[in-house]
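Summary of the model geometry
What follows is each chain in one-letter form.
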Amino acid sequence: MPGKRRGSIRLWQTELFIAVIVVAMLILSGSLSAGLKTTLTRMAETNELRNASSLARRLEPELPVAPNGMSRVREVVAEYRDIYGGGIWVYDSEGALLESSFDGAPVDAVLESALLAGLAADPSYARSDLKANGWVVAAKTVLGPSEAIKGVVVTASAVDQPVAILTALRDRLWVTFWVSLVIAGLLGLGFSEIISRRIRAMSDAAAAIAGGDFKQQLPTSLVPDEIQDLAESYNTMAATLGEAFGEIQEGRQQIEAVVDSMAEGVLAFNASGAVSVINPEAARLLMIAEQDLFGASAEEISTEPAVLDVIRAGLAGNSLTETVSLNHFIVLLHCTPLLNAEDEVEGAVLVLADVTEQHRIEDAQRRFIADASHEMRTPIAALKGMLELLDDGAIEVPEVRNDFVHTMQDETDRLGRLVADLLTLAQLESGSMRLKLAPESVADLLNDVANIMRALAEQANVELSVVAPADVRVVADRDKMVQVLLGFTDNALKHSPPGTTVHLHATEKDAAVHFEVTDEGPGIGPDEISRVFERFYRADTARVSGAGTGLGLAIAKEIVEAHGSRIQVRSTPGAGTTFGFELPLGS
């Protein structure tokens, strides 16, 4: 059995039609008022122009004015003033006023315009201002033989009667308008209330959907068939949009997570060159707050010409890759245009890769190879030179031969130490060297180092002082820590003047032990402290009792950092230097 049919929307359309009729009446009333005003204006101007033309024909024989002819002009003006009323102005061919008669007159500018039109022989000049206290003005040229201008007649009349007619019509139209408006309002009140409720419900549901709530459902009962169909379609659309939006939101979150977690910086620009996407890495490399970049132009995110050139190339449809120095970073820039199906540029994506560390490593490798080659060249050159001298006959001289052999042994040992240090450093940096961590006595470590270095200290006339807590252990690789402390102590002895003391000191602090090796030598300048851990760097050899390979502190730094600590350096020129580090307590 078919369900009960609800009221048709056609009934509502009929009620709306009534409102349309009222609107049409308003438009018709306005049109009628405007048409009447136009008609009254034309009638007033035509009538005034007729009066001016009649007066001009009557004055034609009297112009130009004879010496005794002004009385006749005045008579004609007075005669026509009695017949037509209004104001009359008569001018000669030069525009000089000959005669006038009026009770009231328009402003001088209006009369001046009429006079100029008459002097220009305008055949139908008439102007009116259809409002209260308004005037209609006409001008007629008085022509003589050969169409010569003899004068100009200007007439003006008040427009009180046309204004009164127009005002009366407008009053009636306003009454009609308000009556129609009230009737139309009453008729449409019920209709609009019913429809507005449904529209408000749809509007609220649409606002909720815009806010992300796709669970909104419109009622489908007690409404006309057409609105029921719309409500059902709306509910279906909301459910479909909810599913689609959920999928889009999930995909967008995944893309945002990928972009934000990328090691490279990403900047996306739209077709107008404004930033639409940015990740934290890009903001870090550009040193700009991420939230300040959305919608910014390329010129606002960077003033670096190379960066702007890469972005502009991408927006122009070209891929470009450049490496630039950006702030304190070395950045690899790669910009790719975004093209639509018609190969039109819709934007561009700029990828920023921080290659600062890579450049630093490459530079360090180049310097390392150069320094290692330089260090190896000296002993190899010395060995080669002495071998050549021995081959040339020096081998036959025992004193020279023995001296050369001793020197060659020293150079070979030096070369062996250099190769061993290079191998140790390479193993530490590559991570191939495994630390043998175990609890070690702090006092034993320092005493072992002091015993090993005591002979060198006596040769240098330097005293070794050891201060270490008893029964305290640290977690460390014993051999590697001894190597570090030996390196610190060896450097301290080389830089200590005779009669001074090198202090080997350990102090328990919190859950760690702080080791220090301090000398009383000339110290290290502030500009040298940052370089002492560079490979092959050595202080001024003129102030050092011996010269090593220049790798000792670099190796010590790697060993200490492999233990999870770092080396601390304190130095005051003329007051000595302290090298220190910390190790965790052992059980």
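Let us look at the structure shown here. (Residues numbered from 1 in each chain as written. Predicted model: local features only at pLDDT ≥ 70, side-chain atom pairs only at ≥ 80, totals over all residues. Heavy atoms only, no water.)

What about the side chain of Thr500?
With respect to the helices and strands, Thr500 occurs in the loop between α12 (478–494) and β14 (501–509). Residue classification places Thr500 among the buried positions, given a relative accessible area of 12%. For Thr500, the side chain forms a polar contact with the main-chain oxygen of Pro497, separated by 2.6 Å. (Helix = DSSP H or I, 4+ residues; strand = E, 2+ residues; numbered from the N terminus. Buried < 20%, exposed > 50% of the residue type's maximum accessible area, 1.4 Å probe, protein only. Polar contact = N/O pair within 3.5 Å; in protein donor to acceptor, adjacent residues only side chain to side chain.)

Description of a nonpolar patch on the surface
Among the surface-exposed residues, Val175, Val179 and Ile183 lie close enough to one another that they form a single nonpolar patch of about 270 Å² accessible area. Relative to the elements of secondary structure, Val179 occurs in helix α4 (residues 160–210). Its relative accessible area of 44% is what places Val179 among the partly exposed residues. (Patch = residues over 30% accessible without salt bridge, like charges linked within 9 Å, V, L, I, M, F, W, Y side chains within 5 Å. Areas by Shrake-Rupley, 256 points an atom, 1.4 Å probe, with all protein chains shown as cover. Salt bridge = Lys/Arg side-chain N within 4 Å of Asp/Glu carboxyl O.)

Re the sheet that holds strand β3 (residues 125–128)
The antiparallel open sheet is built from five strands, whose spatial order is β2-β1-β5-β4-β3. Because the sheet does not close on itself, it has two edges, and the strands there are β2 (97–101) and β3. When the angles between neighbouring strand axes are averaged without regard to direction, this sheet yields 10°. Looking at chain direction, strand β1 (residues 87–92) and strand β5 (residues 149–158) are connected through six bridges and run antiparallel. Each bridged residue has a counterpart across the sheet, and for Gly87 the counterpart in β5 is Ala156. Taken strand by strand, helix α2 (residues 70–84) contacts β1 and β2, and its axis lies near 30° from that of β2. (Pairing = 2+ DSSP bridges. Axes fitted to C-alpha atoms, helices over the stretch in contact; angles between N-to-C directions. Contact = heavy atoms within 4.5 Å.)

A word on the packing of helix α11 (residues 442–459) against α12
Where α11 meets α12, the closest approach of the two axes is 10 Å, and the angle between their N-to-C directions is 40°. Viewed along their axes, α11 and α12 adopt a mutual orientation that is oblique. Once α11 is placed against α12, the crossing between them reads as right-handed. Within the contact between the two elements, α11 uses Asp444, Leu445, Leu446, Asp448, Val449, Ile452, Met453, Leu456 and Ala457 and α12 uses Arg478, Val482, Leu485, Leu486, Thr489, Asp490 and Leu493. Tallied by class, the residues present in the contact of α11 with α12 amount to 11 nonpolar, one polar and four charged. (Parallel < 35°, antiparallel > 145°, perpendicular 65-115°, else oblique. Left-handed = near helix turned anticlockwise from the far one by under 90°. Nonpolar A, V, L, I, M, F, W, Y, C, P; charged D, E, K, R; others polar.)

Here's the deal with the packing of aromatic side chains
Per the stated rule, a full pass over the model turns up four aromatic pairs. Ring centres of Trp89 and Phe102 lie 5.0 Å apart, and the angle between their planes is 25°; this geometry places the pair in the stacked category. Of this pair, Trp89 sits in strand β1 while Phe102 sits in the loop between β2 and α3 (108–119), and the two are 13 residues apart along the sequence. In this structure an aromatic cluster arises from ring pairing among Phe488, Phe515, Phe579 and Phe581. (Phe/Tyr/Trp six-rings, centres within 6.5 Å; stacked < 30°, edge-to-face > 60°.)

Looking at the pattern of salt bridges
Counted by the stated rule, this structure contains 10 salt bridges. Between Lys131 and Asp129 there is a salt bridge, and its shortest N-O distance comes to 3.5 Å. The shortest N-O distance in the salt bridge between Asp490 and Lys494 comes to 3.1 Å. Placement of both Asp490 and Lys494 in helix α12 is noted, with a separation of four residues, approximately one turn of the helix.

A look at the environment of Glu79
With respect to the helices and strands, Glu79 occurs in helix α2. Judged by its relative accessible area of 39%, Glu79 is partly exposed. Along the sequence, Glu79 and Leu55 sit 24 residues apart, while their C-alpha atoms lie 9.9 Å from each other.

Points about the sheet that holds strand β12 (residues 463–467)
Strands belonging to one sheet form pairs held by backbone hydrogen bonds; the direction of such a pair is parallel or antiparallel. Strand order across the open sheet formed by five strands is β12-β14-β15-β17-β16, with mixed pairing between neighbours. Whereas interior strands pair on both sides, the edge strands pair on one side only; in this sheet they are β12 and β16 (568–571). On average, each strand axis in the sheet is tilted by 15° relative to the strand beside it, whichever way the strands run. Bridge count between β16 and strand β17 (residues 577–584): four bridges; the pairing is antiparallel. Looking at β17, one finds that Gln568 is bridged to Gly580. Sitting on the sheet, α12 touches β12, β14, β15 (512–518) and β17, and the angle it makes with β17 is about 170°.

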